[in-house]
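Descriptive analysis of the structure
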Amino acid sequence: MTELPVFLIIFTVLIVLVVWVTLNQLAPRRSAEKDACLPIDLLLPTAYLENSSEIERLTAELEQERTQNAASEGFRKGLTPARRRTLKKLLVGLKEDFSRLDRLMCTVAALAPEVEGRQEMQRFWLWIRFRLHYSLARLSLMVGRFSQPELTSICKLFDRLTLRTQVELEALEHSSLRPLRSKLGT
Amino acid sequence: MHLTASANALWTLTFIFEVVLCAFVIHRRLWRRLPLFTTYVLFKFFVTAALWLVYKRFSYDSDFARYFYWSTQSLLLVTRGSVCVELCLLAFKNRPGLWVHAQRVLNSVTAVVLVYVVIDAYRQAYFATKIILSSESGLELSVAILLASFLLIASRYRIPIERAPSLIAVGMCMHSSFKVLNTSLLKPWLDPHFSWWNNAQAISFQVALVIWIFALRRPLPETKPAPTLLPMGVYQSYARLVGQRLKDLDRDIQEVTKP
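Residues numbered from 1 in each chain as written. Chains lettered and ligands numbered in written order. Predicted model: local features only at pLDDT ≥ 70, side-chain atom pairs only at ≥ 80, totals over all residues. Heavy atoms only, no water.

What to know about the overall build of chain A
If you tally the helices and strands in chain A, you get 7 helices and 0 strands. A burial count over chain A gives 42% of its 186 residues as buried. Restricting to contacts in chain A with at least 6 residues of sequence separation, those with at least 24 account for 83%. As displayed, chain A offers around 10300 Å² of accessible surface, 62% of which is attributable to carbon and sulfur atoms. (Helix = DSSP H or I, 4+ residues; strand = E, 2+ residues; numbered from the N terminus. Buried < 20%, exposed > 50% of the residue type's maximum accessible area, 1.4 Å probe, protein only. Contact = heavy atoms within 4.5 Å. Areas by Shrake-Rupley, 256 points an atom, 1.4 Å probe, with all protein chains shown as cover.)

What follows is the structure, given as structure tokens:
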């Protein structure tokens, strides 16, 4: 009796996979060779930097609320729709960065004369984990789970990330990665 | 006992589709690109025609018809398996590094499914017909899972597969999935209630035939030259760097969920 639902699930998963892969295959896309010619700077996650002004504003807002609250037991706004939108953009930025790097690595692997199976499996596992964490974060945001202190710590996290990326971008100019850029024809 | 009217109609339709597909295969000279798929299509066409004659001559439930059906089915299953290998080789032939990795993954997946097939057949040790049925559905399952895994790997690594081979893989995967479901579950469960369910398998094969005809309706494009491979050290340098970046991003998003 238990076999029926199990096989139905297998069947559904197979069909969904096949349809998804077919649509993916038939959709126009950049060629793998073009992707391998991406500049080395793209190895740095930068999508969330596009929203850095918004996150700065949000950090300032939260800081102001915190000080006001300490002084006068004032009103805390919590996760307003505007803040939710800002955080959503940041999460989407992180996901875009992850996907871009993962895609780039897949392209490099596809064009490499030798590939390390262990590393590929690790990256695949990391991809699954990241997707899970991302879905969890989006869900938390959707149900409005974040409180004021949590919002503040998320903003601080993104501040740290922005700073880290800026430092790395500057360091890249003098790093040993430059030869890779010429190898990839950029 | 003879075939029902609906089974006869479906048989005729399948035969027509197979004739059209064979015509396309010959017209497109598919044996130059996909020799094993060509063999499978032509062999399937001859089996359909021969089975029709056997049923007419010896009746549907004769011993000879049964032996003929099962021996041709096993040969068809072998050719279907070889088509899977051919499709994988076609997609990965210019990607030596990835092919080694993909081969390992595909072999492991197939081995796991085959172990399941053996266990399942062993459970039916005292019923010869059930062994055949469970082995057949198990092998079909391995074909379906192998093809789905192959398509997934190709999609993840963005290996460009031509339209025709990818649609051939899709058609074969769908047909095998349906056969597994039909043989293992739906037929024993639904057959007593819906007599037409026996025909569902024939319809699933017709769907696959239509997909293959659709895949071959246009001339096949010229084979693209093999891509230029990257220098030896590039993968290692990238793997180390990108691996670290990805780990960082994963840690960052974990911090968001657990601030």
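Things to note about the packing of aromatic side chains
All names here are of chain B. Considering all chains together, one arrives at 15 aromatic pairs over all chains under this definition. Between Y40 and W212, the aromatic rings sit 6.1 Å apart at their centres with planes inclined by 85°, giving edge-to-face as the arrangement. Placement of Y40 in helix α2 (residues 35-58) and of W212 in helix α7 (residues 200-216) is noted, with a sequence separation of 172 residues between them. Judged on exposure class, the residue Y40 and its partner W212 are both buried. Ring geometry for F64 and F68: centres 6.2 Å apart, planes at 25°, overall stacked. Of the two residues, F64 and F68 both sit in helix α3 (residues 63-92), 4 residues apart, roughly one turn of that helix. Overall, the relative accessible area of 42% leaves F64 in the partly exposed class. Between R57 and the ring centre of F58, over which it is positioned, the NZ or CZ distance is 5.1 Å. The lysine or arginine in question, R156, covers the ring of Y157, its NZ or CZ lying 5.8 Å from the ring centre. (Phe/Tyr/Trp six-rings, centres within 6.5 Å; stacked < 30°, edge-to-face > 60°. Lys NZ or Arg CZ within 6 Å of the ring centre and 35° of its normal.)

Digging into the pattern of salt bridges
Residues and elements named next belong to chain B. Overall, the coordinates contain 12 salt bridges over all chains when judged by the stated rule. One salt bridge in this structure joins E162 and R33, with 2.8 Å as the shortest N-O distance. Taken together, the positions of E162 in the loop between α5 (128-156) and α6 (163-190) and R33 in the loop between α1 (5-27) and α2 put the pair 129 residues apart, joining distant regions of the chain. D63 is paired through a salt bridge with R66; the nearest N and O atoms lie 2.6 Å apart. Of this pair, D63 and R66 both sit in helix α3, 3 residues apart, which is roughly one turn of the helix. We classify D63 as partly exposed; its relative accessible area is 45%. (Salt bridge = Lys/Arg side-chain N within 4 Å of Asp/Glu carboxyl O.)

Some details on helix α4 (residues 96-123) of chain B
It helps to recall that an α-helix has 3.6 residues per turn; residues three or four apart then point in one direction. Taking 1.5 Å per residue, 28 residues should reach 40 Å; α4(B) reaches 40 Å between its end C-alpha atoms and fits that length. Every buried residue belonging to α4(B) is among G97(B), L98(B), W99(B), H101(B), A102(B), L106(B), T110(B), V113(B), V117(B), D120(B) and A121(B), and all of these are buried. (Expected span 1.5 Å × (residues − 1).)

Section: the confidence of the model for chain B
Mean pLDDT over chain B: 84, with 90% of residues reaching 70 or higher. Per-element averaging of pLDDT across chain B places α5(B) at the bottom with 81 and α2(B) at the top with 91. (pLDDT = per-residue confidence, 0-100.)

Some details on the domain arrangement of chain B
As far as domains go, chain B holds domain 1 (5-218) and domain 2 (230-259). Inter-centroid distance (C-alpha atoms) of domain 1 of chain B to domain 2 of chain B is 40 Å. (Domains from an automatic or database assignment.)

A look at the packing of α3(B) against α4(B)
All names here are of chain B. Close contact between α3 and α4 brings their axes to 10 Å; oriented N to C, the two are set at 150°. Taken together, α3 and α4 sit at an angle that is classed as roughly antiparallel. Here α3 runs over α4; the crossing is right-handed. From α3, C88, L89 and F92 reach across to α4, where they touch P96, L98, W99, A102 and L106. (Axes fitted to C-alpha atoms, helices over the stretch in contact; angles between N-to-C directions. Parallel < 35°, antiparallel > 145°, perpendicular 65-115°, else oblique. Left-handed = near helix turned anticlockwise from the far one by under 90°.)

Brief notes about unusual backbone geometry
Residues and elements named next belong to chain B. In this structure, R29 takes a positive phi of about 50° despite not being glycine. Locating R29 in the fold gives a position in the loop between α1 and α2. Of the residues examined, R29 reaches a relative accessible area of 43% and is grouped as partly exposed.

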